[in-house]
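The primary structure of each chain is shown beneath.
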Amino acid sequence: MKIAASVLSSDFSKFGEEIKKLSISGVDMIHFDVMDGCFVPEISFGAGVIKSVRHCTFLPFEVHLMVSRPISFVNSLVNAGADIIIFHVESKSEILETIEKIKKSGKKAGISIKPGTSAESIFEYLPIVDVVLVMTVEPGFGGQKFIENQIEKIGILKEKIDFCGFKTLIEVDGGINAQNVSICSSLGVDICVAGTYILNSSNMENAISSLKDSNFHQKYRRRASCFC
Ligand code: DX5
Ligand code: ZN
């Protein structure tokens, strides 16, 4: 399982430095939470800020759009160096057009769901998106607690994807720490987003390896149990 570092809880006075530090500490990609103050109450940053730190790392840039009209952000994010663009099904805007626009730009497209939205509501998009992002907190703020009842939804999505033979990856975002990362790993999650757990730790490298280790141990336990 891969780890994406959410930079929402960064010290923005040294944003570039934080991203450089994260990329040498073992994360697999950088996750940018773009908020418009309308889809969610807060405003974070946009394409200009993302572009300004593109040179800080070779790691893929993943943008999680928490905005009301995602399609209008696609061009500037592509220009800023985004590799993966994810937006919410609850934006209720031009979903298919947005997916198509992202893919036509040569980037990976993802669809995200809030905790209150059913897995079934995104079934129709599973064959055409690269990734589905399951929120395990209400979007809008870092540092919240992982909502345990989302585990069932992850299971439903995994079953549907496997049953239909889709290549869609499952990503989980919100409240990830060294304990719940193993639950995600055992469910077959491909990517976990972690923000506060990494950025608030005294040693980023240790925090990232603790996420990767718990997921390794879980996998090892699963493999071991297959032989019994
Ligand atoms: C919440 C964001 C998340 C969040 C992750 O709206 O999408 O990416 O900031 O950070 P933690 O790990 O603090 O929940
Ligand atoms: Zn996010």
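The sections below set out a description of the structure shown in this document. All of these numbers come straight from a predicted model, not from anything done at the bench.

What to know about the site of ligand 1
Stage number 1. Residues in close proximity to ligand 1 total 19 residues, the closest being G140, G143, D173, G195 and T196.
Stage number 2. Measuring from an oxygen atom of ligand 1, one finds a backbone N or O atom of G140 at 2.7 Å.
Stage number 3. Backbone polar atom of G175 to an oxygen atom of ligand 1: 2.9 Å apart, as the coordinates give it.
Stage number 4. Surface burial for ligand 1 is 99%, taken as the share of its 370 Å² of free accessible area covered by protein chains.
Stage number 5. Taken together, the elements giving at least two residues each to the shell around ligand 1 come down to strand 2 (29-35), strand 3 (61-66) and strand 8 (191-194).
Stage number 6. Here the residues of the shell around ligand 1 sort into seven nonpolar, 10 polar and two charged.

Let's talk about the pattern of salt bridges
Stage number 1. Applying the stated rule across the entire model yields six salt bridges.
Stage number 2. Between R69 and E94 there is a salt bridge, with its nearest N and O atoms 2.7 Å apart. Note that R69 is positioned in the loop between strand 3 and helix 3 (74-80) and E94 in the loop between strand 4 (84-88) and helix 4 (95-104), a separation of 25 residues in sequence.
Stage number 3. By relative accessible area, which is 43% here, R69 ends up partly exposed.

Describing unusual backbone geometry
Stage number 1. One non-glycine residue, K92, lies in positive phi territory at about 50°.
Stage number 2. Summarising the element assignment, K92 is placed in the loop between strand 4 and helix 4.
Stage number 3. With relative accessibility at 71%, the residue K92 sits in the exposed group.

Re the sheet that holds strand 7 (residues 169-173)
Stage number 1. With parallel pairing, the eight strands of this closed barrel are ordered in space as 1-2-3-4-5-6-7-8. Across this sheet, the average inter-strand angle for adjacent strands is 25°, counted without regard to direction.
Stage number 2. In the sheet, strand 3 pairs with strand 4 via four bridges, with the strands oriented parallel. Bridge pairing in strand 4 places V63 opposite I85.

Digging into the coordination of the zinc ion (ligand 2)
Stage number 1. Here the zinc ion (ligand 2) is held by H31 (NE2), D33 (OD), H64 (ND1) and D173 (OD), and the distances to it run 2.0 to 2.3 Å.
Stage number 2. Around the zinc ion (ligand 2), the six donor atoms sit at angles spanning 71 to 169°, and that spread fits a shape best called octahedral.
Stage number 3. Taken in sequence order, the residues that donate to the zinc ion (ligand 2) follow the motif H-x1-D-x30-H-x108-D. With a gap of 33 residues between them, H31 in strand 2 and H64 in strand 3 connect regions that are remote in the sequence.
Stage number 4. Its relative accessible area of 0% is what places H31 among the buried residues.

Rules of the game
- Residues numbered from 1 in each chain as written.
- Chains lettered and ligands numbered in written order.
- Predicted model: local features only at pLDDT ≥ 70, side-chain atom pairs only at ≥ 80, totals over all residues.
- Heavy atoms only, no water.
- Near = heavy atom within 4 Å.
- Polar contact = N/O pair within 3.5 Å; in protein donor to acceptor, adjacent residues only side chain to side chain.
- Areas by Shrake-Rupley, 256 points an atom, 1.4 Å probe, with all protein chains shown as cover.
- Helix = DSSP H or I, 4+ residues; strand = E, 2+ residues; numbered from the N terminus.
- Nonpolar A, V, L, I, M, F, W, Y, C, P; charged D, E, K, R; others polar.
- Salt bridge = Lys/Arg side-chain N within 4 Å of Asp/Glu carboxyl O.
- Buried < 20%, exposed > 50% of the residue type's maximum accessible area, 1.4 Å probe, protein only.
- Pairing = 2+ DSSP bridges.
- Axes fitted to C-alpha atoms, helices over the stretch in contact; angles between N-to-C directions.
- Donors = N, O, S within 2.8 Å, 3.2 Å for Na, K, Ca; no water.
- Tetrahedral: all angles 85-135°; square planar, octahedral: opposite > 155°, others 65-115°.

Function cannot be read off these values alone, since they describe shape.
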